[in-house]
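# Coordinates in review
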Amino acid sequence: MAKLVLDPFKSGFVAIVGKPNVGKSTILNYLLGTDLAIVTSKPETTRNKILGTLTSKNSQINFIDTPGMHIPHTLLGRHMVRQAKEALQEADIVLAVIDVTKRLDKSDYALFDAIKDSARPSLLVINKMDTSGKKFALPLIEECVKTGIFKDYIPISARTGDNTKALTHKIFELLSEGPKFFPDDYLTDRPREFFIAEAIREQVLKKTEEEVPYSVAVFIDEIKKIPKKNVYHVSATVYIERPSQKAIIIGKRGQMLKAIGEAARMNIEKQLGKKVFLQLWVKVRDNWRRDPNALKMLGYT
Ligand SMILES: Nc1nc2c(ncn2[C@@H]2O[C@H](COP(=O)(O)OP(=O)(O)O)[C@@H](O)[C@H]2O)c(=O)[nH]1
Ligand SMILES: [Mg+2]
């Protein structure tokens, strides 16, 4: 009689950690095939853990995107680093991401120590291999492998997707047999409001410079479906820390706020699948990044 051999179903949680700007969120988005986490060229774009679930016939990989590991100067910064450390505890496997164009520094070694302490199996991911930095890959890999904490290493480009299949394969190899934690069509643990606020913050980050991206937060006041009309009404407040920043965000004759709103609205319409009427308010809240009550209100807890 023919023997039926069923492949075991594998599942687990995979934390994506690394310094700011190495491409963690871009990796998450590429692997999920959707723009879940916002990506910008500004450091500290990601401020919260974001779960992204990838379910296939024989596995369910639950990625946890994290804020970049850095030395925090504010309460918000402390929240971000705490989120990354929590993800290490929640994970079965760790992806330690480095940027091939950058030399290793103190923060990388601090991260490697945190990974070592977590005692989780860890893969070293060398990202941005599509750049001319790829010539530095070999010495970088050598330096990282010397630490002895990585099960394996893999150079990829999250921008072109190069070698990402091999990455998923290596993750699959490291996963243990386990249950399907979430239904087949499950994507993330974050609610709709979160991604709408992020879409607005993304545009502020893209369109402003210097300290403004660090000082901005978005609060969704209301999402309301207009009865009988196929339209959502979204009202949101953009918080910044100083009146000078408010002037930048509003811009000459309101041009900046208009551009932010238009670009964000297009993204939100895609998310909601309906026309959106977006109303943005700009408010100064002194030093909100150092204010526990403000952080709580803005979901950074
Ligand atoms: N050239 C190149 N740029 C990348 C790659 N991955 C990410 N980036 C860019 O690096 C910047 C930071 O990416 P992001 O995913 O936000 O980094 P994170 O802070 O680690 O989450 C963005 O401008 C990305 O477009 C890559 O593989 N190649
Ligand atoms: Mg990110």
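Residues numbered from 1 in each chain as written. Chains lettered and ligands numbered in written order. Predicted model: local features only at pLDDT ≥ 70, side-chain atom pairs only at ≥ 80, totals over all residues. Heavy atoms only, no water.

### Considering helix H6 (residues 192-207)
Spanning 16 residues, H6 covers 23 Å between terminal C-alpha atoms, matching the ideal 22 Å at 1.5 Å per step. Of all 16 residues in H6, 12 are buried, a share of seventy percent or more. Of the residues making up H6, those classed as buried are Phe194, Phe195, Ile196, Ala197, Glu198, Ala199, Ile200, Arg201, Glu202, Gln203, Val204 and Leu205. Packed against the buried residues of H6 are strand S2 (50-55), strand S8 (217-226), strand S9 (231-240), helix H7 (243-250), helix H8 (255-272) and strand S10 (275-284). (Helix = DSSP H or I, 4+ residues; strand = E, 2+ residues; numbered from the N terminus. Expected span 1.5 Å × (residues − 1). Buried < 20%, exposed > 50% of the residue type's maximum accessible area, 1.4 Å probe, protein only. Contact = heavy atoms within 4.5 Å.)

### Comments concerning the environment of Thr66
With respect to the secondary-structure elements, Thr66 resides in the loop between strand S3 (59-65) and helix H2 (75-90). The exposure class of Thr66 is buried, given its relative accessible area of 0%. Between the C-alpha atoms of Thr66 and Leu272, which are 206 residues apart in sequence, the distance is 25 Å. Setting aside chain neighbours within four positions, we find Thr66 in contact with Ile16, Val17, Lys24, Thr46, Ala84 and Ala87. In terms of polar contacts, Thr66 uses its side chain to reach the backbone carbonyl oxygen of Ile16, at 2.7 Å. (Polar contact = N/O pair within 3.5 Å; in protein donor to acceptor, adjacent residues only side chain to side chain.)

### Focus: the environment of Ile16
Assignment of secondary structure puts Ile16 in strand S1 (residues 10-18). Judged by its relative accessible area of 0%, Ile16 falls in the buried class. It is 32 Å that separates the C-alpha atoms of Ile16 and Ile249, two residues lying 233 residues apart in sequence.

### Observations regarding the UniProt feature "domain: Era-type G" (unreviewed entry) in the protein chain
The positions UniProt marks with the feature "domain: Era-type G" (unreviewed entry) are residues 10-177. Each end of residues 10-177 is marked by a C-alpha atom, and these two atoms are 4 Å apart; helix forms 35% of the span and strand 24%. (UniProt positions renumbered as here; feature names shortened; annotations may be inferred.)

### Brief notes about the domain arrangement of the protein chain
Taken domain by domain, the protein chain holds domain 1 (10-177) and domain 2 (192-297). The straight-line distance from the C-alpha centre of domain 1 to that of domain 2 is 28 Å. In this complex, domain 1 contributes 15 residues to the contact, which on the side of domain 2 involves 20 residues. Both sides of the domain 1 and domain 2 interface together cover about 1,500 Å² of buried area, and 64% of this is carbon and sulfur. When the area that domain 1 buries against domain 2 is broken down by residue, the three leading residues are Ile38, Lys42 and Arg47, summing to 38%. Along the contact surface separating domain 1 from domain 2 lie 0 salt bridges. (Domains from an automatic or database assignment. Buried area = accessible area lost by both parts, 1.4 Å probe. Salt bridge = Lys/Arg side-chain N within 4 Å of Asp/Glu carboxyl O.)

### A few points about the coordination of the magnesium ion (ligand 2)
Protein coordination of the magnesium ion (ligand 2) is provided by Ser25 (OG) and Thr46 (OG1), with donor distances spanning 2.0 to 2.1 Å. One end of the pair, Ser25, is in helix H1 (residues 24-32); the other, Thr46, is in the loop between H1 and S2, and 21 residues separate them in sequence. Each member of the pair Ser25 and Thr46 is classed as buried. (Donors = N, O, S within 2.8 Å, 3.2 Å for Na, K, Ca; no water.)

### Side note on the pairing of S3
Working note: regular strand, side chains alternate between the two faces of the sheet. A large share of S3 lies buried, amounting to 7 of its 7 residues. With burial as the criterion, each face of S3 is covered, one bearing Ser59, Ile61, Phe63 and Asp65 and the other bearing Gln60, Asn62 and Ile64. Pairing geometry for S1 and S3, over 7 bridges, is parallel. Looking at the pairing, Lys10 lines up with Ser59 of S3. Relative to S3, S2 runs antiparallel, the two being bridged by 6 bridges. Looking at S3, one finds that Thr53 is bridged to Asn62. Where S2 folds back onto S3 in an antiparallel hairpin, the turn is made up of 3 residues. (Pairing = 2+ DSSP bridges.)

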